[in-house]
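Summary of the model geometry
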Amino acid sequence: MSTYFQPQKYPATEFASTGATDEALPVVVVGAGPVGMGVALGLAQRGIPVTVLEAADQVSFGSRAICISRHSLEVAARLGFGPELEKIVLPWVGGRSFYRDEQVLHFEMAHGDHDVRGPMVNVSQSEIEQIMTDTLLAHPLITFHWSSSVAGVLRSDEDVTLDVDTAFGARRLRARWVVAADGGRSRMRELAGIRLQGNSYQGNYVIADIHWESTLPAERMVWFDPPSNPGSTIIMHQQPRDIWRIDYQLDSADDAELETQEDRIRDRITRHLDWLENDVPWTLEWHGFYRAHALALDDFTHGRILFAGDAAHLVPIFGVRGLNSGMEDAETLAWTLAAVVHGTADESLLQSYSAERRAAWQQNVDNAGKSTLIMSPGSHGYRTTRDAVLALATTRPEFGHLVNPRQSSATHAHLSPLTWPVAEGTTGVLPGDPMEDRRVRVATADGSVQSSLNRVRGTGFAVLGVGVDPAGARMIAAHASALAMALSPESVRAVVVPAPGAAVAVAGAADLTVLDDSDGALAQALGASAGECFVIRPDGLVLCRVRDLSLLGDVRDHLKTATAPALGVVPTHTETTATPDELLRENVWMGLSEALDQSDESDREGFLTRLALLLGSQSGLREFEEALAAASHVSGKVCSGTPRHSHADA
């Protein structure tokens, strides 16, 4: 029996238009996908009434996005639906890639004992939306209108008027602010007269969900040129309740309309599962079609219309950054828009949202773009080098990292107008970096108790002092209290790690949380010296890092005007786990690909020969002979018996 999620349908909503003398609605969110609902939850959490318009009568059907990052789970927890979501997810930590029938990569994402959550989970977007919908419908400040599609937009300096088509006739709503989160085919974007800019990649993918009670592990599995579907690339992911997501690439010569018919999809999947020696029945539950895009608006704010998620940007699926990046959009937009609505910040704060999230899109494209060039190379040069990398990796495993999918990680905001500079040479967690959640111990009068950094710092701002004495703790608490008054109703919490031997009072300190970091693990993870203080934003990014605690008094004014101090240097380092040798191979791969694309088609063999002669003359004879031997090996063998990635050892 299938366990595939079937969304419930909701009756069309009847509502009245906003009258000419009525006060404008504070915020209308167009689109009830994860991003739109995330914005609505974040605003309602801050006391702002929100109206949500959804053109459909149910949440989306089908898996769509399935890979949810650790950071997105943290966002879900802060927005209030995390516990319900985490009940149904399927965790995973790594995966394997194969060239034909040989494994060329086995990777694991970073995770450690201090982590509160694993690096990644799988669950269908449809189920996420249902949990979010249930949370929205129960919130007294959120009004949900189903079967309500926007047909027209009229903008002024003070508000936005939306013409809405409903089952009960045309309606008109007037709002102070409108959040456009209506997806990649955004009607709001069309009505605003703006277009996404960027690139679309070659390569078409069929996406299918099947119900299959397999014993294969919960990991990302990729086959390049598999014997089951020669010339194609196949990706498999397990989801909860024995649902499997299968993506496979169509050849450029394939008729996409023909290949997306059910009988052709079943045939492709059957061939692959048979090759995996499957003897378990399966059913096709849902299928779709995908082409990779790297597109974005130049500006995510257009007057009083604010764009988020796929309405603002599209990224290739291969870095699993679509939904995950959208959840970052939602949380950042929620707290910045709330500050503007409440009057605690100027409208310029919304421009910082736009600048940050467009820069985040670029980070995602830079990362996912490399994965896309491996998964779906769109030129002769990149296809040639991709195939060469795969062939080499069968005997030279050091090349396997080039096919690493570069899985999802939270983006930074180093260049945001909000991000404070730091002293030159500062290392560790920098302003603009995400502050990862981690296990901590809270000191109480009865001893320390287990908690997490996110739980301690709450859903608003936090002022975190490391290695402080009692006087420093009192100063941090006072600044946090003053900031809370200035930013109300946004919450601000004070958290301190006492200096070794410092007796910071914990009894009755309602305005201060004291952490037990006797082993120094937290201070070391932050790279913090004694007396340093971090201000953490509601979306988990570090706003500033200061040694002079008196500077905390400037935070409120800089937030209000969406500025940062001018002294110091902009934090620009980005953590990477790549080794120098890996970075070199990556640069060689991309440089050679570009050079091949620029070579005359009739001279490609000559170009490669000249290149080999030049490089060979710069190496020793032994090294050159070894390179010739390695390059001569081409993995073309296909096992006639049990595949090397069969149930027994996958």
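Residues numbered from 1 in each chain as written. Predicted model: local features only at pLDDT ≥ 70, side-chain atom pairs only at ≥ 80, totals over all residues. Heavy atoms only, no water.

With that out of the way, let us pick up the sheet that holds strand S25 (residues 532-536). On the basis of which strands lie adjacent, the open sheet formed by five strands has the order S24-S23-S22-S25-S26 and mixed pairing. The two strands at the open ends of the sheet, each matched to only one other strand, are strand S24 (513-514) and strand S26 (542-546). Here seven bridges tie strand S22 (residues 461-468) to strand S23 (residues 492-498), and the two strands are oriented parallel to one another. Counted as the bridge partner of Phe461 is Val492 from S23. (Pairing = 2+ DSSP bridges. Helix = DSSP H or I, 4+ residues; strand = E, 2+ residues; numbered from the N terminus.)

Glancing now at the packing of aromatic side chains. Enumeration over the complete set of coordinates arrives at eight aromatic pairs. Note on Tyr10 and Trp146: the rings are 4.3 Å apart at their centroids and 5° apart in plane angle, and the pair reads as stacked. With Tyr10 in the segment before strand S1 (25-30) and Trp146 in the loop between strand S8 (142-145) and strand S9 (149-155), the pair connects residues that are 136 residues apart, well separated along the chain. Both residues of the pair, Tyr10 and Trp146, belong to the buried class. Three or more aromatic residues joined by ring pairs form one cluster here, namely Tyr10, Phe144 and Trp146. One cation-aromatic arrangement involves Arg585 over Phe399; the distance from NZ or CZ to the ring centre is 5.8 Å. (Phe/Tyr/Trp six-rings, centres within 6.5 Å; stacked < 30°, edge-to-face > 60°. Buried < 20%, exposed > 50% of the residue type's maximum accessible area, 1.4 Å probe, protein only. Lys NZ or Arg CZ within 6 Å of the ring centre and 35° of its normal.)

Helix-helix packing is described using two parameters, namely the angle between the two axes and the distance between the axes. Here helix H10 (residues 380-393) crosses helix H15 (residues 580-598) at 140°, and the two axes come no closer than 7 Å. Put simply, H10 runs oblique to H15. Note on packing geometry: the crossing formed by H10 with H15 is right-handed. Within the contact between the two elements, H10 uses His380, Gly381, Tyr382, Thr384, Thr385 and Val389 and H15 uses Trp589, Met590, Leu592, Ser593, Glu594, Leu596 and Asp597. A per-class count over the contact of H10 with H15 returns six nonpolar, five polar and two charged. (Axes fitted to C-alpha atoms, helices over the stretch in contact; angles between N-to-C directions. Parallel < 35°, antiparallel > 145°, perpendicular 65-115°, else oblique. Left-handed = near helix turned anticlockwise from the far one by under 90°. Contact = heavy atoms within 4.5 Å. Nonpolar A, V, L, I, M, F, W, Y, C, P; charged D, E, K, R; others polar.)

Time to look at the confidence of the model for the protein. On average, residues of the protein carry a pLDDT of 91, and 95% of them reach 70 or more. For residues 636-650, every residue scores under 50 in pLDDT, and the model assigns this stretch 27 contacts once sequence neighbours within four places are set aside. (pLDDT = per-residue confidence, 0-100.)

Once that is clear, we can look at unusual backbone geometry. Only a minority of non-glycine residues have a phi that is not negative, and only a minority of peptide bonds are not trans. Residue Pro489 is reached from Ser488 by a cis peptide bond, and omega for that bond is 10°. Counting through the fold element by element, Pro489 comes out in the loop between helix H12 (470-487) and S23. Look at Asp242: it is not a glycine, yet its phi comes out positive at around 65°. Mapped onto the elements, Asp242 comes out in the loop between strand S14 (233-239) and strand S15 (243-250).

The first and last C-alpha atoms of helix H8 (residues 322-342) sit 30 Å apart over 21 residues, in line with the 30 Å expected at 1.5 Å per residue. Of all 21 residues that make up H8, 18 are buried, and the element is covered over most of its length. Just past H8, the residue Gly343 takes up positive phi, approximately 80°. (Expected span 1.5 Å × (residues − 1).)

Quick look at the pairing of S1 now. Relative to strand S11 (residues 169-180), S1 runs parallel, the two sharing five bridges. Directly across from Leu25, in S11, lies its bridge partner Ala175. Alignment of S1 against strand S2 (residues 50-53), held across four bridges, turns out to be parallel. Of the residues in S2, the one forming a bridge with Val30 is Leu53. The parallel pair S1 and S2, bridged by helix H1 (residues 34-45), forms a crossover whose chirality is right-handed. (Right-handed = clockwise from strand over helix to strand, strands pointing away.)

A word on the nonpolar core. Formed by 100 residues in total, the largest nonpolar core has its most connected members in Phe81, Leu162 and Phe307. In terms of residue count, H8 provides more of this core than any other element does, nine residues in total. Not counting chain neighbours up to four residues away, the residues in contact with Leu162 comprise Val28, Val30, Leu53, Val150, Gly152, Val153, Arg171, Arg172, Leu173, Val178 and Met188. By size, the runner-up hydrophobic cluster in this structure holds 39 residues, among which are Tyr4, Phe107, Met109 and Tyr205. (Core = buried A, V, L, I, M, F, W, Y, C linked by side-chain atoms within 4.5 Å.)

Once that is clear, we can look at the pairing of strand S13 (residues 220-224). A regular strand places its side chains on the two faces of the sheet in alternate fashion. Extensive coverage of S13 is indicated by the burial of five of its five residues. The side-chain alternation of S13 yields two buried faces, one formed by Arg220, Val222 and Phe224 and the other by Met221 and Trp223. Sheet topology places strand S5 (residues 94-99) next to S13; five bridges connect them, and they run parallel. What sits directly across from Arg96, in S13, is Met221.

Here Lys370 is to be found in helix H9 (residues 348-375). With relative accessibility at 22%, the residue Lys370 sits in the partly exposed group. Taking the C-alpha atoms as reference points, Lys370 and Arg78, separated by 292 residues in sequence, lie 32 Å from one another. When residues no more than four places from it in sequence are discounted, the contact partners of Lys370 are Arg406, Glu586, Trp589 and Met590. Side-chain polar atoms of Lys370 contact the side chain of Glu586, separated by 2.8 Å. (Polar contact = N/O pair within 3.5 Å; in protein donor to acceptor, adjacent residues only side chain to side chain.)

With that settled, consider helix H4 (residues 125-137). Here H4 spans 18 Å end to end across 13 residues, near enough to the 18 Å set by a 1.5 Å rise per residue. Most of H4 sits inside the fold, with ten of its 13 residues counted as buried. Along its buried surface, H4 packs onto H1, S2, strand S3 (67-69), helix H3 (82-86), S8 and H8.

With respect to the element layout, Val150 can be found in strand S9. Judged by its relative accessible area of 8%, Val150 falls in the buried class. In the structure, Val150 is positioned 95 residues away from Ala55 in sequence and 7.8 Å away in space, judged by C-alpha atoms. Apart from residues lying up to four places away in sequence, Val150 is in contact with Val30, Leu53, Leu162, Asp163, Val164, Arg187, Met188 and Leu191.

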